[in-house]
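Residue-level listing of the chains:
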Protein chains: 2
Amino acid sequence: MTSPPRLRADAARNRQLLLAAAAEEFAERGLEASVADIARRAGVGKGTVFRHFPTKDDLIAAVVQERITPLIAAGERLLDAADAGAALLEFLAMAAQQQQQLDLSFLQGADRLAPDAAQTQERLFRVVHALVDRARDHDAVRPDVTGTDVILLMCAPNHVVTYLPDPPPDLWRRYLAIIFDGLRPQGAHPLPHPPPRSM
Amino acid sequence: MTSPPRLRADAARNRQLLLAAAAEEFAERGLEASVADIARRAGVGKGTVFRHFPTKDDLIAAVVQERITPLIAAGERLLDAADAGAALLEFLAMAAQQQQQLDLSFLQGADRLAPDAAQTQERLFRVVHALVDRARDHDAVRPDVTGTDVILLMCAPNHVVTYLPDPPPDLWRRYLAIIFDGLRPQGAHPLPHPPPRSM
DNA sequence: CCACAAACGGACCGCGCGGTCAAGTTGTAG
DNA sequence: CTACAACTTGACCGCGCGGTCCGTTTGTGG
C-alpha cells in the first residue's frame, strides 16, 4: 500500500479548483470539453492539469467519482426507507439531478477503468440492484424488471431532454415520471425480450 | 426551381455506394465515424465523398433522410390502423429498428439544417403528433402526454442499450415496452413538470 | 532565512480530423 | 471516334485535440 505523500498547499487548492472547473465545463459542454478550456477556467496552466490527472480520462473519472460517491451513500441510506418504491424513485431523481447532463459514459467500458473507479462502479450497481430488489419485493415495481434494466434506464431522463435546444432545468422529472410509471406493476404488459446479462 | 442536371452513370452508382457505406459505418461506430473510413468502405477516394456531399453534415443528413422518409410513410399509413395504440407502438418499433444506433442528433439543431432536411423533420414530427393524438383520443395513451414527449422519448430505447458492451440486436424492444407502458393511461401517476414547448 | 523538492506554465509535438485542389481518368453526346 | 465536360483521386492544408517537457516559480522543513 503506497500512502500518498501529502500534497503541497497550493497543489491541493489547484486540485479542487480543477475538479470544480471540470465539473462545470463537462456539465455545460459535455465530455468533449477540452482540457485547455478546463485549465483556463480553473485559472491554471494546461500542464498542471496533467500533473494532477495523468490523462483526461483520469480527470473524468475523478469528477465522476466525486459526484457518484455521495449518490451511493444516499442510495444505501434509502435502503432503510419506509416506502421501498418511493425510495427507488427518489434515488433515481437524485441520480438524474446529480448528473445533469454528465451523461455517464462511465457505465459503459467497465473494463479499462482505473481499479478504484471500477470499484465505485461496482458499489453503485450493487446499491441499485438492492433498491430494485427491495422495491420488487414490496410490489412497487413490476416483477419482470431487473436491477440491470434500471441501471440502463437511469440516464434516460437526462438524455432525452438533451434533444431540446435549451431544456428547462427540471424537465427530466417529467420523463423520469413516465419511465418510472413504466416500471410499476399496475397495468404492466409482458416484456418481449429477456433482460441483459447482469451488470 | 433548379432541376438537377442528371448524374453520370458511375457518379450515380458511387453516390449509392457512399450512402450505403455511410449508413453501415454510422451504425457501427456512431456519427463520429470518419469520412475517410466511409470513403474506403465505399471503395472510392475521399474527394469523391465531398463532391457528392459538400460537408459531412450533408452526408449525415442524406443518410438520415433516406432512412426517415419510409418511416414517415409507414407512420402515415398507420394513421388508418384499427387499433390506435398498437399503431403508435408499432411506429415506435419501426423507428427504433430503422435507427439501430443512428442516434438522431438530427432532432436537435432544427435550425442550421438544410431546408429540405428541415422539411422532412417537420413531416416526421407531424406524423408523430398525429399518431399520439389519435392514440390519446382512443384512451390508448395517458391524456397528459404530448406528441413532443414521444418525439423526445423515441430514441431512448436504442440509446439505453448503447451502454452495454455488445447488446443483443433486439434488446431495445424490452425498453420500448417499458417506456410504452409508462405512456399508457392504466395506473398513470400525474406528471411533475409541464410538457416542453411543442416541436 | 535558505535551499531544495515540489509544483507550475505554456511552448511544443504528433495525430487525426474535415475539407480543398490540381492533375489525371472516364462516360457520353454528337 | 473524338472531344469535352463530368467525375475521380490522393496528396495536401489548417486546426484543435490530448499529452510532453523543461525552464521557472513557490511553498516549506530545518
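Residues numbered from 1 in each chain as written. Chains lettered and ligands numbered in written order. Predicted model: local features only at pLDDT ≥ 70, side-chain atom pairs only at ≥ 80, totals over all residues. Heavy atoms only, no water.

## Quick word on the environment of valine 128 of chain B
All names here are of chain B.
Thinking step 1. Here valine 128 lies in helix 6 (residues 115-137).
Thinking step 2. Along the backbone, valine 128 and leucine 92 are 36 residues apart, and their C-alpha atoms lie at a distance of 9.2 Å.
Thinking step 3. Non-local contacts of valine 128, meaning those with residues more than four positions away in its chain, are made with Phe91, Gly147, Val150, Ile151 and Met154. (Helix = DSSP H or I, 4+ residues; strand = E, 2+ residues; numbered from the N terminus. Contact = heavy atoms within 4.5 Å.)

## Focus: the environment of alanine 93 of chain B
Residue and element names in this part refer to chain B.
Thinking step 1. Among the secondary structure elements, alanine 93 is positioned in helix 5 (residues 84-99).
Thinking step 2. The spacing of alanine 93 and alanine 177 is 84 residues in sequence and 9.4 Å in space, taken between C-alpha atoms.
Thinking step 3. Residues in contact with alanine 93, not counting those within four places in the same chain, are Trp172, Arg173 and Leu176.

## Quick notes on the protein's contact with DNA strand C
Thinking step 1. Taken together, 22 residues lie near DNA strand C, and Arg8, Asn14 and Gly47 of chain A together with Lys46 and Lys56 of chain B sit nearest.
Thinking step 2. Close to the protein, within 4 Å, the atoms of DNA strand C are drawn from sugar and phosphate at a rate of 66%.
Thinking step 3. Between glycine 45 of chain A and DNA strand C, the recorded distance is 2.9 Å, taken from a backbone N or O atom to a phosphate oxygen.
Thinking step 4. In this structure, arginine 8 of chain B approaches DNA strand C through a side-chain N or O atom, which is 3.3 Å from a base oxygen.
Thinking step 5. At the level of secondary structure, the elements contributing two or more residues to the surface near DNA strand C comprise helix 1 (9-29) and helix 3 (46-52) of chain A together with helix 1 (9-29) and helix 3 (46-52) of chain B.
Thinking step 6. For the surface near DNA strand C, the element with the most residues is helix 3 of chain A, which contributes five residues.
Thinking step 7. Here the surface near DNA strand C is composed, by residue class, of seven nonpolar, seven polar and eight charged. (Near = heavy atom within 4 Å. Polar contact = N/O pair within 3.5 Å; in protein donor to acceptor, adjacent residues only side chain to side chain. Nonpolar A, V, L, I, M, F, W, Y, C, P; charged D, E, K, R; others polar.)

## A look at the environment of glutamate 122 of chain A
All names here are of chain A.
Thinking step 1. Within the secondary structure, glutamate 122 sits in helix 6 (residues 115-137).
Thinking step 2. According to the relative accessible area criterion, glutamate 122 is partly exposed, its value standing at 40%.
Thinking step 3. Measuring from C-alpha to C-alpha, the distance between glutamate 122 and methionine 199 comes to 8.6 Å, with 77 residues separating the pair along the chain. (Buried < 20%, exposed > 50% of the residue type's maximum accessible area, 1.4 Å probe, protein only.)

## Some remarks on the UniProt feature "domain: HTH tetR-type" (unreviewed entry) in chain A
Thinking step 1. In the UniProt entry, the feature "domain: HTH tetR-type" (unreviewed entry) is given for residues 12-71 of chain A.
Thinking step 2. As annotated, residues 12-71 of chain A has a helix share of 82% and a strand share of 0%, and its two end C-alpha atoms lie 24 Å apart. (UniProt positions renumbered as here; feature names shortened; annotations may be inferred.)

## Considerations on the domain arrangement of chain A
All names here are of chain A.
Thinking step 1. Segmenting chain A into domains produces domain 1 (1-54) and domain 2 (56-199).
Thinking step 2. Computed from C-alpha coordinates alone, the two centres of domain 1 and domain 2 are separated by 27 Å.
Thinking step 3. If you look at the interface, domain 1 gives 16 residues, while domain 2 gives 13 residues.
Thinking step 4. The junction of domain 1 with domain 2 conceals about 1,200 Å² of combined surface from both sides, 72% of it contributed by carbon and sulfur atoms.
Thinking step 5. Seen at the junction of domain 1 and domain 2, the total is zero salt bridges.
Thinking step 6. Linking domain 1 with domain 2 are two residue pairs in polar contact (both at pLDDT 80 or more), by the criterion used here.
Thinking step 7. Contributions of two or more residues to the side of domain 1 that touches domain 2 are made by helix 1, helix 2 (35-42) and helix 3.
Thinking step 8. In terms of residue count, the dominant contributor to the side of domain 1 that touches domain 2 is helix 1 (six residues). (Domains from an automatic or database assignment. Buried area = accessible area lost by both parts, 1.4 Å probe. Salt bridge = Lys/Arg side-chain N within 4 Å of Asp/Glu carboxyl O.)

## Side note on the UniProt feature "DNA-binding region" (unreviewed entry) in chain A
Thinking step 1. This chain's UniProt record puts "DNA-binding region" (unreviewed entry) on residues 34-53 of chain A.
Thinking step 2. Measuring from the first to the last C-alpha atom of residues 34-53 of chain A gives 14 Å, for a span that is 75% helix and 0% strand.

## With respect to the protein's contact with DNA strand D
Thinking step 1. Lys46 and Lys56 of chain A together with Arg8, Asn14 and Arg51 of chain B are the nearest of the 22 residues found near DNA strand D.
Thinking step 2. Of all atoms in DNA strand D that approach within 4 Å of the protein, 62% are sugar or phosphate atoms.
Thinking step 3. Mapped onto the surface near DNA strand D, the elements with two or more residues apiece are helix 1 and helix 3 of chain A together with helix 1 and helix 3 of chain B.
Thinking step 4. Considering every element that reaches the surface near DNA strand D, the biggest residue donor is helix 3 of chain B, with five residues.
Thinking step 5. The residue makeup of the surface near DNA strand D, split by class, is seven nonpolar, seven polar and eight charged.

## Some details on empty space enclosed by the protein
Residue and element names in this part refer to chain A.
Thinking step 1. The tally for this structure, following the rule as stated, stands at three cavities of 30 Å³ or more.
Thinking step 2. Taken as a whole, the largest cavity encloses approximately 70 Å³ of empty space.
Thinking step 3. Every residue along the wall of the largest cavity is listed here: Leu92, Val150, Leu153, Met154, Pro157, Leu176, Ile179, Phe180 and Leu183.
Thinking step 4. When contributions to the lining of the largest cavity are tallied by element, the ones reaching two or more residues are helix 7 (147-153) and helix 9 (172-183). (1 Å grid on protein atoms, 1.4 Å probe; cavity = no way out; pocket = protein on both sides within 12 Å on 5 of 7 lines; lining within 4 Å. Points joined across faces, edges and corners; volume = space filled by probe spheres on them.)

## Structural notes on the relation of the copies chain A and chain B
Mapping one chain copy onto the other needs a rotation about an axis and a shift along that axis.
Thinking step 1. When chain A is fitted onto chain B, the two copies agree to an RMSD of 0.1 Å after a turn of 180° and an axial shift of 0.1 Å. When the rotation and shift are considered jointly, the pair of chain copies conforms to a two-fold rotation axis. Rotation axis and chain A: the residue whose C-alpha lies nearest the axis is glycine 182 of chain A, separated from it by 1.8 Å.
Thinking step 2. Here 100% of the interface residues in chain A have copies in chain B that are interface residues too; the copies meet face to matching face. (Least-squares fit on C-alpha atoms with pLDDT ≥ 70 in both.)

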